[in-house]
Every structure is written in structure tokens, then in C-alpha cells.
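# Residue-level structure breakdown
Here is how the chains run, residue by residue.
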2 protein chains.
Amino acid sequence: MKLLHHPDRKDIRLPSVLYALSDPVRLHMVAQIYNSGEEQACKCFDVPIAKSTLSQHARALREAGITHTRAQGTQRLLSLRTEDLNARFPGLLDTVMNAYRKDQQEANLRNDHPLEETQQG
Amino acid sequence: MKLLHHPDRKDIRLPSVLYALSDPVRLHMVAQIYNSGEEQACKCFDVPIAKSTLSQHARALREAGITHTRAQGTQRLLSLRTEDLNARFPGLLDTVMNAYRKDQQEANLRNDHPLEETQQG
DNA sequence: TCTATAGTTCGGTCATAAACGAACAATTGA
DNA sequence: TCAATTGTTCGTTTATGACCGAACTATAGA
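Below: a short report on this structure. Keep in mind it's a predicted model, so treat the numbers as computed, not measured.

If you look at the interface, chain B gives 28 residues, while chain A gives 28 residues. Across the chain B to chain A interface the summed buried area is about 2300 Å²; carbon plus sulfur atoms make up 58%. Per-residue buried area on chain B facing chain A is highest for Arg13, Leu18 and Asp103 of chain B; these three make up 23% of the total on that side. Our enumeration of links across chain B and chain A arrives at four salt bridges.

Structure follows, in C-alpha cells:
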């Protein structure tokens, strides 16, 4: 299979990281890895999009330096580059994940479900 | 003059904040307000773009809930909504500003100057 | 070998946003 | 009142990216 490119730690840039995290789908993916505490295969992500789109999001996270992707069989397992991110931008990942948790809670209270398709006609 | 709309604290959303901060120009503007410790007029921002573009960036920051804009004479003074941001997403602003400082330092070491037009032919 | 599974790549559509200059609005000060 | 200053709005161009389905690749297992 093709070699997957991961940027060096020193080449991880703040605007790119923030941009990658600014998409609700990608934020959800990162939170899922973060909360599970383990690598996640693409197929496990609980997002309502086509698999080709998911694949693109996975690539965006990898190229921003947020995730590491390794192949296992037909699967691609995504993990967070926690050490690299903490070395580069101390506390950023934890802070964003805490913020995400809060944001989701508030959204739930208001019955906002940004990642699910709205079924009510 | 037209009333400037500022979102309520509760309507400040994480993806929107991260998106607003993911643009190098806006990140620079926010850092300038943050570091100066006081309101900044648009004309004071040290960014190499047309004033119409700057005005749009100011609007983007305001609508994301990051800045507050008040009119004083012909000027618009931008301040950070520090309390609202900290209430909503504790530590996020400080963490991002620290990350920005680091990112800028590393860029300077490499003679990267993302906000200046490259003059070397 | 054949099939199913997991993911990538490609071609296309559509929406958003970053950039500019020109024209406009509002305020200050002469 | 007139000119200068400061910023906004508008129309346009251009680039990016989110999304999909179809076709493809690669691996695992029957």
C-alpha cells in the first residue's frame, strides 16, 4: 500500500491544527479517539457521512499532524499524536477536548444535534 | 451607524471559534489585542491586506464571538471577549495564544514570515 | 480462487470565504 | 461647509473544501 505521509513534529502549524479541528465531523472523530483512549478504525467513527468523505477527513487530520494512521489488515487505525501536539502546543489538545465536551453538553440541553441528519419534516 | 451584532455568550460555538482562529491574519489580530492588553482600532493592525479585507476579518471575529467592537468617532475599537470565552471554553484563549507565540518563534527561527508579502524575487 | 471488508482515489457539484478596488457612510476638525 | 480619516458594503474573481457515488486497491477468510 501507499506510504502515508505524516508531517514532522516541527512542521505542525497552529493555523492548520485549528482549521482541522474547526470542522464538526473532524472534531467528533478526534474526541472519539481521545475519549476511547485507543486507536480507532475509520469504520468505527460514528458520523453520518459517506465513507469517501470520511476518508478525506481522516487524511485532513493526518496531514495537519493531529493523528497518526497505521495500517492493520484492511483497516486504518487512527491515534492522536498526543506527545507531538503537547510538545508543540502545550495543553491545546486537552483544552479543546474539554471545550468540546462542554459545547456538546450545552448543545444537547438545547436539543441541537449537529452531526445527525435532521429527520423532522 | 448600524448596530453591530454580537452573539450571546451561550451562542458562541467551538467550531466557529476554532475556525475564526485558524486564519493567520485573524490569529495575528487576536494576538495583537491580547498582547497589547487594550482595545485596538482596525487601523492599528499590522497586517498586509486591503482595508476592506481587514474589515471582513474584524466582522468574522465579532460574529464568532471572539471580539467585541465598539465605535469611537470614526474608529472601531476591538477588544477580546475574555470573560465570555473563558466561561464558555476555560483556558482556550490563553492556550491558543501561548501556542501562537511558540509557533511564531519557531517560524522566526526558520525565517518564515507568513504575514508579510515575500519581497525576494 | 472467490468474496467480503475497509479504505482510497477520482470526477464532479456546490457553497463558502479570502482577496481586491470602488463607492459609500459617518465622524472629526479646519 | 469642506476635506480628511476610518471603516463598511458591494461586486467580482479565485481558491478551497465538503460532499457524493463509482471505480479501484489491498487484505482476510472461506
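With that settled, consider the protein's contact with DNA strand D. Around DNA strand D sit 20 residues, and of these Arg26, Ala50 and His57 of chain A together with Lys51 and Ser55 of chain B come closest. Sugar plus phosphate, as a fraction of atoms of DNA strand D within 4 Å of the protein: 64%. The contact in question runs from a phosphate oxygen of DNA strand D to an N or O atom on the side chain of His57 of chain A, over 2.4 Å. At 3.0 Å, a side-chain N or O of Thr74 of chain B approaches a sugar or linking oxygen of DNA strand D. Listed by contribution, the elements that provide at least two residues to the surface near DNA strand D are α3 (51-64) of chain A together with α3 (51-64) and β3 (75-80) of chain B. Class assignment for the residues of the surface near DNA strand D results in five nonpolar, nine polar and six charged.

Okay, the relation of the copies chain B and chain A next. Taken together, a rotation about one axis and a shift along it account for how the two chain copies relate. Rotating chain B by 180° and moving it 0.0 Å along the rotation axis overlays it on chain A with an RMSD of 0.0 Å. Such a combination of turn and shift is consistent with a two-fold rotation axis. A shared interface surface links the copies, since 100% of the contact residues of chain B are contact residues in chain A too.

Criteria and thresholds
Residues numbered from 1 in each chain as written. Chains lettered and ligands numbered in written order. Predicted model: local features only at pLDDT ≥ 70, side-chain atom pairs only at ≥ 80, totals over all residues. Heavy atoms only, no water. Contact = heavy atoms within 4.5 Å. Buried area = accessible area lost by both parts, 1.4 Å probe. Salt bridge = Lys/Arg side-chain N within 4 Å of Asp/Glu carboxyl O. Near = heavy atom within 4 Å. Polar contact = N/O pair within 3.5 Å; in protein donor to acceptor, adjacent residues only side chain to side chain. Helix = DSSP H or I, 4+ residues; strand = E, 2+ residues; numbered from the N terminus. Nonpolar A, V, L, I, M, F, W, Y, C, P; charged D, E, K, R; others polar. Least-squares fit on C-alpha atoms with pLDDT ≥ 70 in both.

Purely geometric stuff here, so don't read any function into it on its own.
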